[in-house]
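The primary structure of each chain is shown beneath.
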Amino acid sequence: MTTPNPDHRPGVDPACCQPARSPQKEAFGSNLESCCSVATDSVASAAMDDLVEASVTSPEVDALRSAGFRLLFDGGQPVDVDQWAAAAGVVVESLHAIIETSGAKGRVQFDADGSLVGIAGLSVERTRHELNIDGKIRWTWCALDAIGILGALEATGTVRSTDPQTDAAVEV
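Just so you know, these numbers come straight off a predicted model, no measurement behind them.

### Notes on the nonpolar core
Thinking step 1. Core analysis: the biggest nonpolar cluster contains 28 residues, and Trp84 and Leu116 have the highest contact counts within it.
Thinking step 2. When contributions to this core are tallied by element, the ones reaching two or more residues are helix 4 (59-75), helix 5 (81-88), helix 6 (92-102), strand 1 (108-110), strand 2 (116-119), strand 4 (129-133) and helix 7 (143-152).
Thinking step 3. At 6 residues, the largest contribution of residues to this core is made by helix 4.

What follows is the structure, encoded as structure tokens:
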């Protein structure tokens, strides 16, 4: 069990789930607590219920998530919001409003230029969790995201991570 941290939910290990902090990420208020919590009490159970409820999304949110993920995965670099909106079939003026109102805020990450750099656990910025699929190196917000992405893509690959408590390298 991790030590409680006022900036994170109980049971979440910030070393596991958070990419390295930077002034740019702090400016956007990214909250990337994506996957490392374990339901051990009523607070954690309620948080899991909230996640399940939030997973029911609109077609616009699904289109944004899918397009953003594919653009980051295929391109391996930050994605301009105009390109992202076009790929998702939404007008760029609606993109940020959809993120704000859909519960997706905190599940997307932008760089200092406002470009998309992370979505649905996938990142093009280096974290503790490296994912290699067919020579494409990407990073994830959490080790479980890496495994889940492999499964969702029905892909084989290598996950290199660092144990948050011992800093020991782990490779799967």
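Moving on from the coordinates now.
### Quick word on the packing of aromatic side chains
Thinking step 1. Evaluation of the coordinates by the stated rule reveals 2 aromatic pairs.
Thinking step 2. Each ring, one from phenylalanine 69 and one from phenylalanine 73, has its centre 6.3 Å from the other, and the planes form 10°; the classification is stacked. With a gap of 4 residues between them, phenylalanine 69 and phenylalanine 73 both fall in helix 4, about one helical turn apart.
Thinking step 3. Plain terms: the ring middles of tryptophan 84 and phenylalanine 110 are 6.2 Å apart, the flat faces sit at 50° to each other, and that makes the pair tilted. With tryptophan 84 in helix 5 and phenylalanine 110 in strand 1, the pair connects residues that are 26 residues apart, well separated along the chain. Across this residue pair, the class does not change: tryptophan 84 and phenylalanine 110 are buried.
Thinking step 4. The ring of phenylalanine 73 has arginine 138 lying over it, and the distance from NZ or CZ to the ring centre is 5.9 Å.

### Things to note about helix 5
Thinking step 1. Taken together, the buried positions of helix 5 are occupied by Val81, Trp84, Ala85 and Ala88. Along the long axis of helix 5, the arc covered by the buried residues comes to 95°, so they all point the same way.
Thinking step 2. Where helix 5 begins, the capping side chain belongs to aspartate 80, and its oxygen is found 2.9 Å from the backbone nitrogen of aspartate 82.
Thinking step 3. The first or second residue beyond helix 5 is glycine 89, which carries a positive phi of 75°.

### Thoughts on unusual backbone geometry
Keep in mind that most residues, glycine aside, have a negative phi and that most peptide bonds are trans.
Thinking step 1. Of note, the phi angle at alanine 120 is positive, near 55°, even though the residue is not glycine.
Thinking step 2. At aspartate 167, a residue that is not glycine, the phi angle is positive and equals roughly 60°.
Thinking step 3. With respect to the helices, strands and loops of the structure, aspartate 167 is situated in the loop between strand 6 (158-162) and strand 7 (169-171).
Thinking step 4. Using a relative accessible area of 54% as the deciding quantity, one classes aspartate 167 as exposed.

### A closer look at the packing of helix 4 against helix 5
A pair of packed helices can be characterised by two numbers: the angle between their axes and the separation between those axes.
Thinking step 1. At a minimum axis separation of 8 Å, helix 4 and helix 5 run at an interaxial angle of 125°. One element, helix 4, and the other, helix 5, form an angle in the oblique class. The hand of the helix 4/helix 5 crossing is right-handed. Where helix 4 approaches helix 5, its residues Ala63, Leu64, Ala67, Gly68 and Leu71 are matched on the opposing element by Gln83, Trp84, Ala87 and Ala88.
Thinking step 2. Partitioning the contact of helix 4 with helix 5 into residue classes produces 7 nonpolar, 2 polar and no charged.

Cut-offs used in this document
- Residues numbered from 1 in each chain as written.
- Predicted model: local features only at pLDDT ≥ 70, side-chain atom pairs only at ≥ 80, totals over all residues.
- Heavy atoms only, no water.
- Core = buried A, V, L, I, M, F, W, Y, C linked by side-chain atoms within 4.5 Å.
- Buried < 20%, exposed > 50% of the residue type's maximum accessible area, 1.4 Å probe, protein only.
- Helix = DSSP H or I, 4+ residues; strand = E, 2+ residues; numbered from the N terminus.
- Phe/Tyr/Trp six-rings, centres within 6.5 Å; stacked < 30°, edge-to-face > 60°.
- Lys NZ or Arg CZ within 6 Å of the ring centre and 35° of its normal.
- Arc of directions from axis to C-beta.
- Polar contact = N/O pair within 3.5 Å; in protein donor to acceptor, adjacent residues only side chain to side chain.
- Axes fitted to C-alpha atoms, helices over the stretch in contact; angles between N-to-C directions.
- Parallel < 35°, antiparallel > 145°, perpendicular 65-115°, else oblique.
- Left-handed = near helix turned anticlockwise from the far one by under 90°.
- Contact = heavy atoms within 4.5 Å.
- Nonpolar A, V, L, I, M, F, W, Y, C, P; charged D, E, K, R; others polar.

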